[in-house]
Amino acid sequence: MRCAVISDIHANLTALETVLDDIADGVEQIWCLGDVVGYGPDPNACVDRVRREDMICVVGNHDWASLGKLDLDDFNPDARRACLWTQEQLSEENREFLDQLPASLVIGEFTLVHGSPRAPIWEYITHASIATENFYFFDTSVCLVGHTHVPTAFHLSEQGPAVCERSWLNGERNLDLSEGRWILNPGGVGQPRDGSPSSSYFILDTEEMRVETRRVSYDIESTQERMQRAGLPQSLITRLSFGW
Ligand code: ZN
């Protein structure tokens, strides 16, 4: 099966629609790794679209925060302001949808979580040492994670030492997943943080065990204008131009 793997939409409808156009009809399923809302100006429109596309979705920390299920003191001031704004915006129907999302899912050889298999809501897998520990917390050969908004691969070889290797998935890359085990992050759709402002996602072939990183530019200014009108924090508006 060919599927698209997306993460961290963060209520950025322009980015989401651009990615969905880019995915086009070539996939059977879309897997979403959480944080549909938070930061951006279009929480309801993004949840509506996720529902309409029948995406298979796990929940993220910003989704929980927007439901009042996390302590907002754990967020930085700008993220907290955006969370409070999102809480006011979300329709009852969309709140219920986010509330029933699971924290983790297993589909064949793939585990899906937002943060990490050890702590699905909060842990960031940023380093090889953190990834190495997390390989003990899932049973499939691949774990798909989001949360850092940085497209990354961690590979634990079947030969070699029990320490994994990290590679940044800059630009458009192809990976053969047939050997060893992997923790893979497709990067962010709605708020990329790897220094490139374009949206990042994966096309995954679950039979061939191959993944392809895709980047697509969207109309950032149109999202920024809506954020401005909504009165969202300036730093969140500016960062979209730079991809950090
Ligand atoms: Zn996020």
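Definitions and cut-offs
- Residues numbered from 1 in each chain as written.
- Predicted model: local features only at pLDDT ≥ 70, side-chain atom pairs only at ≥ 80, totals over all residues.
- Heavy atoms only, no water.
- Donors = N, O, S within 2.8 Å, 3.2 Å for Na, K, Ca; no water.
- Tetrahedral: all angles 85-135°; square planar, octahedral: opposite > 155°, others 65-115°.
- Helix = DSSP H or I, 4+ residues; strand = E, 2+ residues; numbered from the N terminus.
- Buried < 20%, exposed > 50% of the residue type's maximum accessible area, 1.4 Å probe, protein only.
- Pairing = 2+ DSSP bridges.
- Axes fitted to C-alpha atoms, helices over the stretch in contact; angles between N-to-C directions.
- Salt bridge = Lys/Arg side-chain N within 4 Å of Asp/Glu carboxyl O.
- Phe/Tyr/Trp six-rings, centres within 6.5 Å; stacked < 30°, edge-to-face > 60°.
- Lys NZ or Arg CZ within 6 Å of the ring centre and 35° of its normal.
- Expected span 1.5 Å × (residues − 1).
- Arc of directions from axis to C-beta.
- Contact = heavy atoms within 4.5 Å.
- Polar contact = N/O pair within 3.5 Å; in protein donor to acceptor, adjacent residues only side chain to side chain.
- Disulfide = S-S within 2.5 Å.
- Parallel < 35°, antiparallel > 145°, perpendicular 65-115°, else oblique.
- Left-handed = near helix turned anticlockwise from the far one by under 90°.
- Nonpolar A, V, L, I, M, F, W, Y, C, P; charged D, E, K, R; others polar.

Engineer: Outline the coordination of the zinc ion, supporting the account with residue identities and numerical values.
Structural biologist: Where a metal carries four tetrahedral donors, each ideal angle is 109.5 degrees; where it carries six octahedral donors, the ideal angles are 90 or 180 degrees. Distances from the zinc ion to its protein donors, Asp8 (OD), His10 (NE2), Asp35 (OD) and His149 (NE2), fall at 2.1 to 2.4 Å. Taken together, the four donor atoms surrounding the zinc ion define angles of 83 to 176° at the centre, an arrangement classified as irregular. Each donor residue of the zinc ion belongs to the same chain, with the gaps between them written as D-x1-H-x24-D-x113-H. Of this pair, Asp8 sits in the loop between β1 (2-6) and α1 (13-23) while Asp35 sits in the loop between β2 (29-32) and α2 (43-52); the two residues are 27 residues apart in sequence, bridging distant segments of the chain. Comparing Asp8 with Asp35 shows no difference in burial state: the two are buried.

Engineer: Please provide a residue-by-residue account of the sheet that holds strand β10 (residues 181-185), values included.
Structural biologist: Pairing is mixed across the open sheet formed by six strands, whose spatial order is β4-β5-β6-β10-β7-β8. Across the chains shown, the open sheet's two edge strands, defined by having one partner strand only, are β4 (104-107) and β8 (165-168). Neighbour to neighbour, the strand axes of the sheet diverge by 15° on average, direction disregarded. One ladder, built from three bridges, connects strand β5 (residues 110-113) with strand β6 (residues 142-144); its direction is parallel.

Engineer: Tell me what's going on with the pattern of salt bridges, and back it up with residues and numbers.
Structural biologist: Scanning the model with the defined rule gives 10 salt bridges in all. One salt bridge connects Asp42 with Arg226, and the closest N-O pair in it is separated by 2.8 Å. Placement of Asp42 in the loop between β2 and α2 and of Arg226 in helix α7 (residues 220-230) is noted, with a sequence separation of 184 residues between them. Between Arg214 and Glu212 there is a salt bridge whose closest N-O contact spans 2.8 Å.

Engineer: Explain the packing of aromatic side chains to me, using residue names and the numbers behind them.
Structural biologist: Following the criterion strictly, the structure yields three aromatic pairs and no others. Seen from their ring centres, Phe75 and Trp122 are 5.4 Å apart, and the 55° between their planes marks the pair as tilted. Placement of Phe75 in the loop between α3 (61-66) and α4 (77-89) and of Trp122 in the loop between β5 and α6 (128-134) is noted, with a sequence separation of 47 residues between them. Stacked on the ring of Phe138, the Lys or Arg Arg181 has its end atom at 4.4 Å from the ring centre. We note Arg239 situated over the ring of Tyr39; from NZ or CZ to the ring centre the distance is 5.9 Å.

Engineer: Outline α4, supporting the account with residue identities and numerical values.
Structural biologist: If you check α4, its first and last C-alpha atoms are 19 Å apart, about what 13 residues at 1.5 Å a residue would give, namely 18 Å. Along α4, the residues that are buried comprise Ala79, Ala82, Cys83, Trp85 and Thr86. Along the axis of α4, the buried positions cluster into a sector of 165°, meaning they face one direction only. Along α4, the residues that are exposed and aim more than 90 degrees away from the buried face are Pro77 and Glu88. For α4, the secondary structure elements touched by its buried residues are α2, α3, α7 and α8 (234-242). Capping the start of α4, Asn76 holds a side-chain oxygen 3.2 Å from the backbone nitrogen of Asp78, two or three residues further along.

Engineer: Tell me about the state of the cysteines, and please be specific about residues and values.
Structural biologist: Counting across every chain of the model gives zero disulfides. Cys3 takes part in no disulfide bond, and the closest cysteine sulfur to it belongs to Cys32, at a distance of 12 Å. Cys46 takes part in no disulfide bond, and the closest cysteine sulfur, belonging to Cys32, lies 9.8 Å away.

Engineer: Break down the packing of α2 against helix α5 (residues 92-99) for me, with residues and values.
Structural biologist: Two elements in contact, α2 and α5, have axes whose closest approach is 10 Å; the angle formed by their N-to-C orientations is 60°. In this view, α2 runs oblique relative to α5, as classed from their interaxial angle. Between α2 and α5 the crossing geometry is left-handed. Within the contact between the two elements, α2 uses Asn44, Val47, Asp48, Val50 and Arg51 and α5 uses Glu93, Asn94, Phe97 and Leu98. Classifying every residue of the contact of α2 with α5 by side-chain character gives four nonpolar, two polar and three charged.

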